[in-house]
Amino acid sequence: MYKKIWLFLCLLSLAQISFSQKADVTGIIKDTTSNINLKNAVVSLLTTKDTILVRFARAKEDGSYVLKNITPGKYILMVTHPLFADFVDDIEVKNTEQKIPAIAVTPKSKLLEAVILKTGSPIRIKGDTTVYTADSFKVSANANVEELLKKLPGIQVDKNGQIKAMGETVEKVLVDGEEFFGDDPGMAIKNLRADAVKEVQVFDKKSDQAEFTGIDDGKTQKTINLKLKEDKKTGYFGKIDLAGGLQKSLDDRYNNNILFSTFKGKRKLSGFFLNGNTGQDGLNWQDNEKYGGQDDNFSMSMDDDGGFMFYSRGGSTDDEPYVNTENGFIKNINAGLQYNNKWNDKQTLNLSPKYNSQDYNNTSKTYIQQFLGGDSTLNTNANKNTHVNRNNFKLSGSYDIKIDSANTLKLTLKANFYNTQSEEFQNAETKRETGIPVNTSTSLVKTNSDKQVLYGSLLYKHKFKKARRTLSVNADWNLLSTSGNNYITSHNESFDVTNPFVIDKNQLIDNEKSTQKVSAKIIYTEPLSKKYSLELAHEISYNSGKNNQATFTYSPATNKYDAQVDSLTNNFDQKIIINKPSVKINYSDKKIKYNFGSGFGLTHFDLLDKTFNKNYTRNYINFFPSAGFKYSYKSNHNFSFNYNGSTQQPTINQLQPLRNSTDEFNQYIGNPDLKPSFSNSFQLSNNGYDFIKDRWTYQSLRLNLTSNSITNNVVINPNSGKTTTQPINTDGNVSANFYSGIGFKIKKIDTRLQIGPGFNYARFAQVTNNVLNYSKTFTPSLGVYASKSKEKKYDFSINNNFSYNYNKNSQTTTNNNYFTNQVGIDATVYIHKVWSIGSDYQFLSRQKTALATGNLNNALWNAKLQRTFKSNEFTAYFKVRDILNQNIGIDRSYYGNTFTEVSNDRLKRYFLLGFAWDFKNKAAKPK
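These figures come from a predicted structure and were not determined experimentally.

A. Local environment of the overall build of the protein. Counting its secondary structure elements, the protein contains seven helices and 51 strands. Within the protein, buried positions represent 46% of all 927 residues. A sequence separation of at least 24 residues applies to 63% of the contacts in the protein between residues at least 6 apart. Approximately 45300 Å² of the protein is accessible, and the part contributed by carbon and sulfur atoms is 56%.

The following block contains the structure:
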């Protein structure tokens, strides 16, 4: 009996204690304009950790509210009403009855009347798109979009103008959904004013066919769309910026830019004219990759997915000098127009002609250390002088017509025309690790080449009456043709004790090369149910390539290049036909979407060596499995998985058995026995945004496994130092990378903070002197960024990027491990609203290694003083670049058994005095 009474009393006490730990939260809601109590407002209490709703109540007639039985702790209090702006605040519940001070809310009509710039929350996620409200991020007067992008969480713009969003490189920048100056990302961010942009939208743009069918084909491009404000779509704006140096010398620095844009409804017309020799302002050599044309040093190959791939030259029979756009000195002229218009929402025309010319000079020094096994090495020192003069005209256009409600047609045309004239002089010496000479060489290569790149595409789309039943047909044509002459004069001497030799060359290489592809693809989609659909497709492509190279030796008797060198002359044809049927199942729901399927390619190779009358015929069956999954597990949070299998065909340069004789001691020869490589690619991604906490996160992991990878067999003669490289197939190549980021705002100090850990890993196979070896690289990294600003007072940001590089090769016992760290500070202070002092500082440190003794550190410090006049319309400025005169162009790299260090010329300290006029029409005041 006593035990039962005791148990009852204990339970009663626990209930009393539990009850005493609950609290009631009370308060009142007021209207700020009329100063009366507000009824029917919804008061919600959410957890701070997961923003989970704990309790809510509706305000009574007198504006009062009660939230009962609340456990003590920290919460988020939110007040919402259809006619009033939302109110959000952090509170802490401590006692049994807690009274919140009266909450004053503002009518939305009052906000719209008083604050025009506030157009929405700073960030929101709408489906697959991250949307930034531009006016929520303050920029300086007359700022362009590039400055705006640097302020946006999750977006980075490096010193070369390359844009990354959520860790991925941005490939397209659109304006109101349309291309701006073709597909050059730099044009929009350099030319458009930040105050003309309403929203910055970031998403993975799908192919035209995937957007039409709704079935993902795995082909995406990281894209930024700049949505303009309505009042900025009518009128004009532009900029004239003239700047010159203060040194009275032949290399005095100058930079002149003229930019103009006019908008009228659906019509957009923009133009630019830029010229200078600073290499860093306006159109610099790096920007040329966006403004002009980066295609001067590339080859073109075809993959089984029906597309051409362009890549930089590296070990091929192309003899144009390789240009690293960060180094050297350049004078450039660049001009272009962009016209875009839409009529009756049925016809859209986009046209963009561009012209650029560059005069480039560079002097470089190269140190190469090759490991031959054990402690044996070959050390090469080379000096090179390069001069390149090139002209480029580009034209791109598209015409999209909506025939009727069921049929559309899109025509896309692109053309690039290049002329390149260059001279490259080099002297090199190779020694053993003991210092004993192995060989020496001097060479002069003069090039005159013409190159044309043509592209045409026609896409027809038809929608049947039944929803999601579609038919689309896509036809493509690509052509790359090159013709030119290379004049080579060289002296080569080998100190091989068994077979010393001296070779003098005076040769002409005459080459004509073309690669083209014609393809057609038909896709039919059929709804299987409300959520399932079926895709059937068939693609056929024909790829042909021709490479006719003839080498002639100079004959003193005739004073002509008329003695043909048979071993360096070859005429080679390539034909590849692919038939690729495929099938895919797609599922689409509100929260879950996935697709899976596969295609297989019937590939026929027909290679003909006309010079030696040899024919290489092969047939392959390649499979192309794919799968995708996306789960929107809660609002503004997405998780996705993608898998693709793809085949890469070898290029004509890799197949043609022709030696490159430009460098006697470093030669490249093709391999007609190459097989296609196959890659399995996996990607896991997650991103989310918490609008209440103003916190965003993203994570992405990629893994690529390649079989029959096309790598190189490098044969090094230890006596003469002669290296012969030939592409071969190897297995075991693996690459993985992880990038992530988290950003949030520290409200107490009004500062934004971003943290981004990541890593890269690669394992690749290479054969050196017929011995298979594997090289591994692992690079973990951590980036931290913080920014704080106050309008018309100051802007301040600091970033730090740290990475550790681990390199190991199975052929050597030396591990080359080192760290790099880069600290950047960017600050601007405004004085009396019209004066400003801006400065940016970067310090880069590279740790010494076993092969590169001594730390390699340098600092880049720039500053700018400016004053604006007449409501920021005019600006006078003085700037200094590289104040410490430490801009150095040293690059270190490891590849397989080779360590390379290259030192290049770079533009150092200079001064500019400039004047800019930012003009625009005065838009009507918004109502």
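Continuing now.
B. Spatial organisation of the pairing of strand S32 (residues 570–588). Note: strand S30 (residues 532–555) against S32, 18 bridges, orientation antiparallel. Bridging across to S32, Leu536 finds its partner in Val583. In this structure, S32 lies alongside strand S33 (residues 592–609), joined through 15 bridges in antiparallel fashion. Within S33, the position partnered with Ile585 by the bridge is Phe596.

C. Focus on the nonpolar core. Leu149, Ile155, Ile163, Leu192, Val200 and Ile224 are the most contacted members of the largest nonpolar core, which has 34 residues in total. Contributing elements (two or more residues each) for this core: helix H3 (145–151), strand S11 (155–157), strand S12 (163–165), strand S14 (172–175), helix H4 (185–191), strand S16 (197–206), strand S17 (220–228) and strand S38 (695–707). Once you skip the residues sitting within four places of it in the chain, Leu149 turns out to touch Ile155, Val157, Ile163, Ile189, Val200 and Ile224. One finds Ile29, Leu67, Tyr75 and Val93 within the second-largest nonpolar core, a separate group that totals 21 residues.

D. Representation of the sheet that holds S11 within the structure. The antiparallel open sheet is built from three strands, whose spatial order is S11-S12-S13. Strands at the two margins of the open sheet, each flanked by one partner only, are S11 and strand S13 (168–169).

E. A look at the packing of aromatic side chains. One pass over the structure, following the stated rule, counts 25 aromatic pairs. Here Phe464 and Tyr524 contribute two aromatic rings whose centre-to-centre distance is 6.3 Å and whose plane-to-plane angle is 75°, an arrangement assigned as edge-to-face. Separated by 60 residues along the polypeptide, Phe464 in the loop between strand S27 (437–463) and strand S28 (470–494) and Tyr524 in strand S29 (residues 501–527) bring together distant segments of the chain. Taking NZ or CZ as reference, Lys580 lies 4.2 Å from the ring centre of Phe624, over its face. Taking the ring centre of Tyr774 as reference, the NZ or CZ of Arg763 above it sits at 4.0 Å.

F. Up close: the pairing of strand S34 (residues 614–634). Sheet topology note: the S33/S34 ladder contains 18 bridges and is antiparallel. Across the sheet, residue Asn595 finds its bridge partner in S34, namely Gly628. Bridge analysis of S34 against strand S35 (residues 637–648) gives seven bridges, and the strand direction is antiparallel. Residue pairing in the sheet places Ala627 in a bridge with Tyr643 of S35. Remark: two residues form the turn of the hairpin made by S34 and S35, two consecutive strands paired antiparallel; Asn636 in that turn has positive phi of roughly 65°.

G. Structural detail: the side chain of Asn439. Looking at the element boundaries, Asn439 is found in strand S27. Owing to a relative accessible area of 2%, Asn439 belongs among the buried residues under this scheme. A distance of 2.7 Å separates the side chain of Asn439 from the backbone oxygen of Ser720, its partner in a polar contact. The residues contacting Asn439, other than those within four sequence positions of it, are Ala428, Glu429, Thr430, Glu493, Ser494, Phe495, Phe665, Ser720 and Gly721.

H. Inspection of the confidence of the model for the protein at higher detail. In the predicted model, the protein carries a mean pLDDT of 82, and 85% of its residues have values of at least 70. Of all helices and strands in the protein, the one with the weakest mean pLDDT is strand S22 (residues 308–312) (30), whereas S27 scores best (94). Taken together, the stretch residues 280–318 has pLDDT below 50 and engages in 159 contacts with residues farther than four places along the chain or on a different chain.

I. Summary view of the sheet that holds strand S2 (residues 42–47). Read across the open sheet, the four strands follow the order S3-S2-S5-S6; overall the sheet is antiparallel. Two strands close off the open sheet at either side, each with one partner strand: strand S3 (53–58) and strand S6 (84–93). Pairs of neighbouring strands in the sheet enclose a mean axial angle of 20°, with direction left out of account. Sheet topology places S2 next to S3; five bridges connect them, and they run antiparallel. In the sheet register, Leu46 faces S3, and the bridge partner there is Leu53.

J. Region of the structure containing a nonpolar patch on the surface. Side chains of Ile258, Phe273, Ile333, Leu351, Tyr355, Phe393, Leu395 and Phe417 sit close together on the surface and give an oily, nonpolar patch of about 660 Å² of accessible area. Among the secondary structure elements, those contributing two or more residues to the nonpolar patch are strand S24 (347–373) and strand S25 (376–402). Here Phe393 lies in strand S25.

K. Spotlight on the side chain of Asn407. Within the fold, Asn407 resides in strand S26 (residues 407–432). Reaching out from Asn407, the side chain makes a polar contact with the side chain of Tyr460 at a distance of 2.5 Å. Once residues within four sequence positions are removed from consideration, Asn407 is found in contact with Ile401, Lys402, Tyr460, Lys461 and His462.

L. Layout of the pattern of salt bridges. Following the criterion strictly, the structure yields 13 salt bridges and no others. Between Asp204 and Lys222 there is a salt bridge whose closest N-O contact spans 3.1 Å. Pair noted here: Asp204 is in strand S16 and Lys222 is in strand S17, with a separation of 18 residues, a long-range link.

M. Unusual backbone geometry, seen in detail. Here the phi dihedral of Asn344 falls at roughly 55°; this positive angle occurs in a residue that is not glycine. Mapped onto the elements of the fold, Asn344 is located in the loop between strand S23 (329–343) and S24. Of note, Lys870 is a non-glycine position whose phi angle comes to about 50°, a positive value. Relative to the helices and strands, Lys870 is located in the loop between strand S47 (856–869) and strand S48 (874–881).

About the cut-offs
Position numbers for residues start from 1 in each chain and track the written sequence from start to end. At least 70 in pLDDT is required for a residue's local features to be given in this predicted model, at least 80 for side-chain atom pairs to be given and counted, and no such filter applies to totals for whole chains, interfaces and linings, which use all residues. As a convention, hydrogens and water are excluded, and side-chain values are obtained from all of the structure's heavy atoms. By definition, any uninterrupted DSSP run of H or I lasting at least four residues is a helix, any uninterrupted run of E lasting at least two residues is a strand, and each is numbered from the N terminus. Only protein chains enter the accessibility calculation, which uses a 1.4 Å probe; a residue is then buried when its area is under 20% of its type maximum, exposed when over 50%, and partly exposed in between. Note on contacts: a residue pair is in contact if any heavy atoms of the two residues lie within 4.5 Å. Reported accessibility uses the Shrake-Rupley method at a 1.4 Å probe radius. Residues are deemed covered only where the shown protein chains occlude them. In this description, strands pair whenever DSSP reports at least two bridges between them. For our purposes a nonpolar core is just a set of buried Ala, Val, Leu, Ile, Met, Phe, Trp, Tyr and Cys residues, chained together by side-chain atoms within 4.5 Å. Classification of ring pairs rests on two measures: the distance between centres of Phe, Tyr or Trp rings, Trp counted by its six-membered ring, which must be within 6.5 Å, and the angle between planes, read as stacked under 30 degrees, edge-to-face over 60 and tilted in between. Both a distance and an angle decide whether a charge sits over a ring: NZ of Lys or CZ of Arg must be within 6 Å of the ring centre and within 35 degrees of the ring normal. Residues adjacent in sequence count toward polar contacts only when both atoms are side-chain atoms; beyond that, a polar contact is any pair of N or O atoms within 3.5 Å, and within protein one must be able to donate a hydrogen and the other to accept it. Across the chain, each position has a pLDDT score giving the predictor's confidence in that residue, from 0 to 100. Every axis corresponds to a line fitted to the C-alpha atoms, with the helix fit spanning only the stretch in contact, and the corresponding angles, defined between N-to-C directions, vary from 0 to 180 degrees. For patch building, the residue pool is restricted to those with more than 30% relative accessible area and no salt bridge; the joining distance is 9 Å between like charges and 5 Å between nonpolar side chains (Val, Leu, Ile, Met, Phe, Trp, Tyr). A pair is scored as a salt bridge if a Lys or Arg side-chain nitrogen falls within 4 Å of a carboxyl oxygen belonging to Asp or Glu.

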